[in-house]
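# Analysis of the macromolecular model
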Amino acid sequence: MKKSELELYLSNGVEQIVKGIMKVSLKNPRMKFFMAQYSRESGKTVKRRNQYEGEGLHIPPFLIASITTECNLHCKGCYARANHSCCDSQTGQKMLDRSQWGDIFSQAAELGVGFILLAGGEPFVRKDVLEEAGRQRRILFPVFTNGTLIDEEYIQFLLKNPNVIPVLSMEGGEKVTDGRRGTGTWRMLVHTMEQLLDKEIIYGVSVTVTKENAEEVFSDEFAKKLAMSGCKAVVYVEYVPVVPSDRDLAPDEKTRAFMDRRLAVLRETRQELLFVAFPGDERKSGGCLAAGRGFFHINPWGGAEPCPFSPYSDTSLVNTSLCDALQSPFFRRLNSQGNLEKEHIGGCVLFEQEKKVKELLGG
């Protein structure tokens, strides 16, 4: 593969991802039909983004939206709990309601955004927001979930809303997954995967990669098991250390070189699966894609942030349009001063520049 998947995604728009999903869903007539419709719409979406580009406004093809602070698990090393965007009790801030999220999704569709990754907390605690997502058929909504709350009612919802695609989080097999997410989590994930496979619902898997699990999760055996379980996409996310004591878990250059080699092999030999890697694919496409270059993050209270690992904002979507948020002074400074192109040791370039990012936030 001469170019990274993500580089192609950004240069040609989200149609590359659409083609990838269509390719891996050839045996699923329901999903294939929906993706064919979506593909036709995505052509209009690309034209819309290109039109804005010609007017001097860059519209990223992706957004990330954390739609809730609530979660039923307490995973070790959770960045959301570390930065207090996930907690067991309500804070003084009011989370965006259903209508506010629905309005944001509508604005995104009009601007030409093709993908909105839904996260949390645990997004499946917000069925009201997921229902709003389901209404926006011009946008695909991968939902990054721990997979433990997908019951029969949600199975029926996913059947009716093929643009809402669950992406189940795991760390590998039972031992390593339960070690981070709690005893019994792996078995619940297996049950969820069995339900999704039985109903032929397209789903993916998200893997947080550390030095400790890299060999397992990039193995052919792991990929083969996922494919046999009905999984159609694997998203690898490098671990970002939330406390100094966890820095040794973050992939180093040796581990990253191994990951790059194995990713190339898997993309060649396991073509029934779609593979995406963050920030590995980012590095090949010219640096970090945050702060509007390729995406930005909306927190549960409506703050527009560079990315989930850099939770700083000068703009709120409670009183600002999505279009205006893309042009926030903070985002402009991050893009103009080269902060997104620097080298880093963890999974996030801005995480490594926390002091500088805070300075830019203040102007």
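Everything that follows concerns the structure shown earlier in this document.
Below you will find a few notes about this structure. Keep in mind it's a predicted model, so treat the numbers as computed, not measured.

### Brief notes about the overall build of the chain
Assigned secondary structure in the chain consists of 16 helices and 9 strands. A total of 363 residues make up the chain; the buried ones form 55% of that total. For the chain, the proportion of contacts with a sequence separation of at least 24, taken over those separated by at least 6, is 72%. For the chain, the exposed area adds up to about 15900 Å²; of that, 52% sits on carbon and sulfur atoms.

### With respect to the pairing of strand β7 (residues 274–278)
Two faces belong to every sheet, and in a regular strand the side chains alternate between them. With 4 of 5 residues buried, β7 is to be regarded as a mostly interior element. Pairing analysis gives 5 bridges linking strand β6 (residues 231–238) to β7, with the strands arranged parallel. Its bridge partner lying in β7, alanine 233 is registered against leucine 274.

### Focus on empty space enclosed by the protein
Taken as a whole and judged by the stated rule, the model has 2 cavities of 30 Å³ or more. In this structure, the second largest cavity occupies an estimated 40 Å³ of space. Every residue lining the second largest cavity is listed: Arg30, Met31, Leu158, Asn161, Pro162, Val164, Ile165, Ile201 and Ile202. Counting residues per element, the ones that place at least two in the lining of the second largest cavity are α3 (29–54) and β4 (164–170). Taken together, the residues of the lining of the second largest cavity sort by class into 7 nonpolar, 1 polar and 1 charged.

### Focus on the packing of α3 against helix α5 (residues 98–111)
Helix packing for two helices is described by the angle between their axes and how far apart those axes are. The N-to-C vectors of α3 and α5 enclose an angle of 80°; their axes lie 8 Å apart at closest approach. What the angle tells us is that α3 and α5 run roughly perpendicular. On α5, the residues touching Arg48, Arg49 and Tyr52 of α3 are Ala109, Glu110 and Leu111. A per-class count over the contact of α3 with α5 returns 3 nonpolar, no polar and 3 charged.

### Description of the nonpolar core
Ranked by internal contacts, the top residues of the largest apolar core, which has 67 residues, are Ile116, Leu118 and Tyr236. The biggest single contributor to this core is α5, with 6 residues. Phe115, Ile165, Leu274 and Leu289 belong to the second largest nonpolar core, which has 18 residues in total.

### Overview of the packing of α5 against helix α6 (residues 127–135)
Two numbers describe how α5 lies on α6: the axes approach to 9 Å, and their chain directions differ by 25°. Relative to α6, the element α5 is oriented roughly parallel. Between α5 and α6 lies a crossing whose hand is right-handed. Two secondary-structure elements touch here, α5 through Arg98, Trp101, Gly102 and Phe105 and α6 through Asp128, Val129, Glu131, Glu132 and Ala133. In terms of residue class, the contact of α5 with α6 is built from 4 nonpolar, 1 polar and 4 charged.

### Some points on the packing of aromatic side chains
What the rule picks out here adds up to 10 aromatic pairs. Ring centres of phenylalanine 62 and phenylalanine 115 lie 5.6 Å apart, and the angle between their planes is 50°; this geometry places the pair in the tilted category. Of the two residues, phenylalanine 62 sits in strand β1 (residues 62–66) while phenylalanine 115 sits in strand β2 (residues 115–119), which places them 53 residues apart along the sequence. Like phenylalanine 62, the residue phenylalanine 115 is buried in the burial classification. Taken together, Trp101, Phe105 and Phe141 form an aromatic cluster joined through their ring pairs. Over the face of the ring belonging to tyrosine 154 we find lysine 127, whose NZ or CZ atom lies 5.7 Å from the ring centre.

About the thresholds
Residues numbered from 1 in each chain as written. Predicted model: local features only at pLDDT ≥ 70, side-chain atom pairs only at ≥ 80, totals over all residues. Heavy atoms only, no water. Helix = DSSP H or I, 4+ residues; strand = E, 2+ residues; numbered from the N terminus. Buried < 20%, exposed > 50% of the residue type's maximum accessible area, 1.4 Å probe, protein only. Contact = heavy atoms within 4.5 Å. Areas by Shrake-Rupley, 256 points an atom, 1.4 Å probe, with all protein chains shown as cover. Pairing = 2+ DSSP bridges. 1 Å grid on protein atoms, 1.4 Å probe; cavity = no way out; pocket = protein on both sides within 12 Å on 5 of 7 lines; lining within 4 Å. Points joined across faces, edges and corners; volume = space filled by probe spheres on them. Nonpolar A, V, L, I, M, F, W, Y, C, P; charged D, E, K, R; others polar. Axes fitted to C-alpha atoms, helices over the stretch in contact; angles between N-to-C directions. Parallel < 35°, antiparallel > 145°, perpendicular 65-115°, else oblique. Core = buried A, V, L, I, M, F, W, Y, C linked by side-chain atoms within 4.5 Å. Left-handed = near helix turned anticlockwise from the far one by under 90°. Phe/Tyr/Trp six-rings, centres within 6.5 Å; stacked < 30°, edge-to-face > 60°. Lys NZ or Arg CZ within 6 Å of the ring centre and 35° of its normal.

Any link to function would need more than the numbers given here.
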